[in-house]
Amino acid sequence: MDGLLGKLQLLEFRDRFPKDLSGGMKQRVAIARVLALDPPIMLMDEPFGALDALTRRNMQDELLRIWTEYKKTVIFVTHGIEESIYLADRVVVMTYRLGTIKKNVPVDLPRPRDISSLPFIALQKDLIALVMEEQRRCHDEELHVAECS
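Below or above, wherever it landed, is the structure these notes cover. Everything numeric here is computed off the predicted structure, so don't read it as measured data.

1. Description of helix H2 (residues 23–37)
Right, on to step 1. Here H2 spans 22 Å end to end across 15 residues, near enough to the 21 Å set by a 1.5 Å rise per residue.
Right, on to step 2. Listing the buried residues of H2 in full gives Gly24, Met25, Arg28, Ile31, Ala32 and Leu35. Buried residues of H2, viewed axially, fall in a sector of 115°; they line one side. Exposed and oriented more than 90 degrees from the buried face of H2 are Arg33 and Leu37.
Right, on to step 3. The secondary structure elements touched by the buried residues of H2 are helix H1 (2–7), strand E1 (41–45) and helix H3 (53–70).
Right, on to step 4. Downstream of H2 by one or two residues, Asp38 has phi in the positive range, about 55°.

Here it is in structure tokens:
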């Protein structure tokens, strides 16, 4: 386990209580717990949502490093369009109806990804348009706003 903690820059904090760790450290601990089980797939549901912008970007880069090293399939749920393009090989846009896929969009951008590049921005605009189209469709069908979120 020390090897895994070392790879996640947590070895010197192994004797600390969770209350003594930063938000980013807590996320790295959660990732270490999953990797210790050696699953073929990692499911991450909004894991960086509560982090500040700088810590979030650092964690995104850390996740990419872990993904490269451990070769795990990661299913990453996020409402962040930029985050999804930055991390993913494929973005699955969902509809407001549970479990329904609107579009499966490949992300064919080279790594490391530059969020200011024209291809990145173009893909971001396309995904925003898909999400906004779905939002309008939801409201056009006169569903309660909470169901569209």
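2. Quick look at the environment of Cys138
Right, on to step 1. Looking at the secondary structure, you find Cys138 in helix H5 (residues 118–140).
Right, on to step 2. Spatially, the C-alpha atoms of Cys138 and Thr95 are 8.7 Å apart, while their sequence positions differ by 43 residues.

3. Examining the pattern of salt bridges
Right, on to step 1. If you walk through the whole model with that rule in mind, you get 11 salt bridges.
Right, on to step 2. A salt bridge links Glu134 to Lys102; the nearest nitrogen and oxygen atoms lie 3.2 Å apart. Taken together, the residues Glu134 in helix H5 and Lys102 in strand E4 (residues 101–106) connect sequence positions 32 residues apart.
Right, on to step 3. Residue classification places Glu134 among the buried positions, given a relative accessible area of 5%.
Right, on to step 4. Connected through shared salt-bridge partners, Lys7, Glu62, Arg65 and Glu69 make up one network.

4. Concerning the environment of Leu54
Right, on to step 1. Structurally, Leu54 can be placed in helix H3.
Right, on to step 2. Each C-alpha atom of the pair Leu54 and Gly24 lies 10.0 Å from the other, and the pair is 30 residues apart in sequence.

5. Description of the nonpolar core
Right, on to step 1. Membership of the largest hydrophobic core comes to 31 residues, with the highest contact counts inside it found for Ile31, Ile85, Leu123 and Leu127.
Right, on to step 2. At the level of secondary structure, the elements contributing two or more residues to this core comprise H1, H2, E1, H3, helix H4 (81–87), strand E3 (90–94) and H5.
Right, on to step 3. Contacts of Ile31, omitting those with residues within four sequence positions, involve Leu8, Met42, Met44, Met59 and Ile66.

6. Focus: the packing of aromatic side chains
Right, on to step 1. A full pass over the atoms with the stated rule returns 1 aromatic pair.
Right, on to step 2. Between the aromatic rings of Phe48 and Phe76, the centroid separation amounts to 5.6 Å while the plane-to-plane angle is 50°, which identifies the pairing as tilted. Note that Phe48 is positioned in the loop between E1 and H3 and Phe76 in strand E2 (residues 73–77), a separation of 28 residues in sequence.
Right, on to step 3. Lying over the aromatic face of Tyr86, Arg57 brings its terminal NZ or CZ to 4.2 Å of the ring centre.

7. Here's the deal with the layout of surface pockets
Right, on to step 1. In this model, the largest pocket occupies a volume close to 1,300 Å³.
Right, on to step 2. For the largest pocket, the lining is made up of 35 residues, of which Phe76, Val77, Thr78, Val92 and Met94 are closest to its centre.
Right, on to step 3. Broken down by secondary-structure element, the contributors of at least two residues to the lining of the largest pocket are H3, E2, H4, E3 and H5.
Right, on to step 4. Along the lines of polarity and charge, the residues of the lining of the largest pocket split into 20 nonpolar, 9 polar and 6 charged.
Right, on to step 5. As a volume, the second largest pocket reaches approximately 160 Å³.
Right, on to step 6. Leu5, Leu10, Phe13, Arg14, Arg16, Phe17, Pro18, Leu21, Lys26 and Val29 together form the lining of the second largest pocket.
Right, on to step 7. In the lining of the second largest pocket, the residues fall into 7 nonpolar, no polar and 3 charged.

Criteria and thresholds
- Within every chain, residues take consecutive numbers counted from 1 along the sequence as written.
- The model is predicted, so local features are restricted to residues of pLDDT at least 70 and side-chain atom pairs to those at 80 or more, both for listing and for counting; the totals for chains, interfaces and linings are taken over all residues.
- For the side-chain quantities, the full set of heavy atoms in the structure was used; hydrogens and water were omitted.
- Helix and strand assignments come from DSSP, with helices taken as H or I runs of at least 4 residues and strands as E runs of at least 2, each series counted from the N terminus.
- Expected span, for any helix, means 1.5 Å times one less than how many residues it has.
- Accessibility here uses a 1.4 Å probe with only protein chains present; expressed as a share of the type maximum, an area under 20% marks a residue as buried, one over 50% as exposed, and anything in between as partly exposed.
- The directions considered for the arc are those from the helix axis to the C-beta atoms.
- Throughout, a residue-residue contact means that at least one pair of heavy atoms, one from each residue, lies within 4.5 Å.
- Criterion for a salt bridge: a side-chain nitrogen of Lys or Arg within 4 Å of a carboxyl oxygen of Asp or Glu.
- We call a set of buried residues a nonpolar core when its members are Ala, Val, Leu, Ile, Met, Phe, Trp, Tyr or Cys and they connect through side-chain atoms within 4.5 Å of each other.
- Any two of the Phe, Tyr and Trp rings considered here, Trp counted by its six-membered ring, make a pair once their centres fall within 6.5 Å; the pair's planes then place it as stacked at under 30 degrees, edge-to-face at over 60, or tilted in between.
- Two limits define a charge over a ring: the Lys NZ or Arg CZ must be within 6 Å of the ring centre, and within 35 degrees of the ring normal.
- In this analysis a 1.4 Å probe is tested at points of a 1 Å grid over the protein atoms alone, and where it fits but cannot get out there is a cavity; an open set with protein on both sides within 12 Å along at least five of seven lines is a pocket; lining residues have an atom within 4 Å of a point.
- Grid points are joined across faces, edges and corners, and a volume is the space filled by probe spheres set on the points.
- Throughout, the ten residues Ala, Val, Leu, Ile, Met, Phe, Trp, Tyr, Cys and Pro are labelled nonpolar, Asp, Glu, Lys and Arg are labelled charged, and all others, Gly among them, are labelled polar.

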